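Chains, contacts and geometry: an overview
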Amino acid sequence: MIELTSLSSYEDELGNRIESPTVFEKNIKIKIRGKNNRVLVDPEARIGRLDLVFDCDNGTLVIGPSKKNGWQLNIRIGQDATVSIGRDLTTTARALVSAVEGVSVSFGDDVMIASGNQFRADDGHPIFDVRSGKRINPAKDITVGNHVWIGAQATLLAGATIGDGSVIGYRSLVTGKIPNNVIAAGTPARVLRKNIAWERPHLSFHKPPYKPDASTVTKSEAYWNETAEEQEHAAIEIPQVHNQRPKNLIQRAAAKLGSTRNG
């Protein structure tokens, strides 16, 4: 097993590669047990704390740029799995991310994560049907759209998808598809209110001390959208997540990996 305590450009004989123009030396723990794993770090990335484990082969972590305080993440990546972090993601405390068996966990741009949060695309252990022997808890992708606020202690499980501009309430459990610009909460999470928009200024940290309407904040105009009509019944419909950033990050990463392998 390879153990690293800094994040910088690195390559070994097993094909594991880190491409990071910036050297991060504080609060970094990386363990690599497999081969052909990749970490691609944007030159403008900011990292507060990273605990990263590659358990198998062909895993990928893509870290996007940020102008905000560095995030804190505990990430586990299994065989052929990918975790991608969009622009300006923030966390209040360290969050857990797990992806195995070829699935992906993708975070869009301007995602705000509170504390005590988990993003588990897998259950960690297999469960089988006694009669058929078939697996009944497969790993599934998790997709978090752009400008999404994940409340404290909320958890996203395999198959969770959240549309742009939405808010997930305190201690909620997301197992399915949540549309854009809604407040969703509960276990499992369900839509409580549609056609909402949220902004980052804290109620007490940022002036004015009272914020009765949108005139008191600078609006993120791109995310002030009505909830799409076809997503009205979140438990039934399959909403489209207007989230291009994670895909772009993965495409860029794939192109870069291809060029390094061909070279």
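Residues numbered from 1 in each chain as written. Predicted model: local features only at pLDDT ≥ 70, side-chain atom pairs only at ≥ 80, totals over all residues. Heavy atoms only, no water.

1. Some words on the sheet that holds strand E20 (residues 173–174)
Read from one edge to the other, the open sheet built from eight strands follows the order E1-E4-E6-E8-E11-E14-E17-E20, with strand pairing classed as mixed. Two strands close off the open sheet at either side, each with one partner strand: strand E1 (2–4) and E20. Pairing analysis gives three bridges linking E1 to strand E4 (residues 28–32), with the strands arranged antiparallel. Looking at E4, one finds that Ile2 is bridged to Ile32. (Pairing = 2+ DSSP bridges. Helix = DSSP H or I, 4+ residues; strand = E, 2+ residues; numbered from the N terminus.)

2. Let's talk about the side chain of Asn146
Within the secondary structure layout, Asn146 lies in the loop between strand E15 (142–144) and strand E16 (149–150). Asn146 gets classed as buried once you look at its relative accessible area, which sits at 8%. (Buried < 20%, exposed > 50% of the residue type's maximum accessible area, 1.4 Å probe, protein only.)

3. Section: the side chain of Thr90
With respect to the helices and strands, the residue Thr90 is situated in strand E10 (residues 90–91). On the accessibility criterion, Thr90 (12% relative accessible area) is buried. Among the polar contacts listed, one links the side chain of Thr90 to the side chain of Arg200, at a separation of 3.0 Å. The contacts of Thr90, once residues within four sequence positions are left out, are Lys68, Asn69, Trp71, Val111, Met112, Ile113 and Arg200. (Polar contact = N/O pair within 3.5 Å; in protein donor to acceptor, adjacent residues only side chain to side chain. Contact = heavy atoms within 4.5 Å.)

4. Considering the layout of surface pockets
As a volume, the largest pocket reaches approximately 820 Å³. Residue lining of the largest pocket: 27 residues in total, with Met112, Glu199, Arg200, Pro201 and His202 positioned closest to the centre. Sorting the residues of the lining of the largest pocket by element identifies E10 and strand E13 (112–113) as the ones contributing at least two each. Its residues placed into classes, the lining of the largest pocket shows 13 nonpolar, nine polar and five charged. (1 Å grid on protein atoms, 1.4 Å probe; cavity = no way out; pocket = protein on both sides within 12 Å on 5 of 7 lines; lining within 4 Å. Points joined across faces, edges and corners; volume = space filled by probe spheres on them. Nonpolar A, V, L, I, M, F, W, Y, C, P; charged D, E, K, R; others polar.)

5. Focus: the confidence of the model for the chain
Residues of the chain with pLDDT of at least 70 account for 87%, and the chain-wide mean is 91. For residues 231–247, every residue scores under 50 in pLDDT, and the model assigns this stretch 39 contacts once sequence neighbours within four places are set aside. (pLDDT = per-residue confidence, 0-100.)

6. A few points about the pattern of salt bridges
Enumeration according to the criterion identifies seven salt bridges in this entry. Note that Asp51 is salt-bridged to Arg49, the shortest N-O span being 3.1 Å. The class of Asp51 is buried, set by a relative accessible area of 11%. The class for Arg49 is partly exposed, based on a relative accessible area of 28%. (Salt bridge = Lys/Arg side-chain N within 4 Å of Asp/Glu carboxyl O.)

7. Overview of the sheet that holds strand E22 (residues 182–185)
Either a parallel or an antiparallel arrangement is found when strands of a sheet pair, and the pairing is made through backbone hydrogen bonds. With mixed pairing, six strands are arranged side by side in an open sheet as E10-E13-E16-E19-E22-E23. Across the chains shown, the open sheet's two edge strands, defined by having one partner strand only, are E10 and strand E23 (190–194). Strand direction decides the pairing type here: E22 and E23, joined by four bridges, are antiparallel. From the neighbouring strand, Val182 faces E23, where its bridge partner is Lys194.

8. Re the environment of Pro65
Tracing the sequence through the fold places Pro65 in the loop between strand E7 (60–63) and strand E8 (71–77). A relative accessible area of 2% places Pro65 in the buried class. Measuring from C-alpha to C-alpha, the distance between Pro65 and Arg87 comes to 5.0 Å, with 22 residues separating the pair along the chain.

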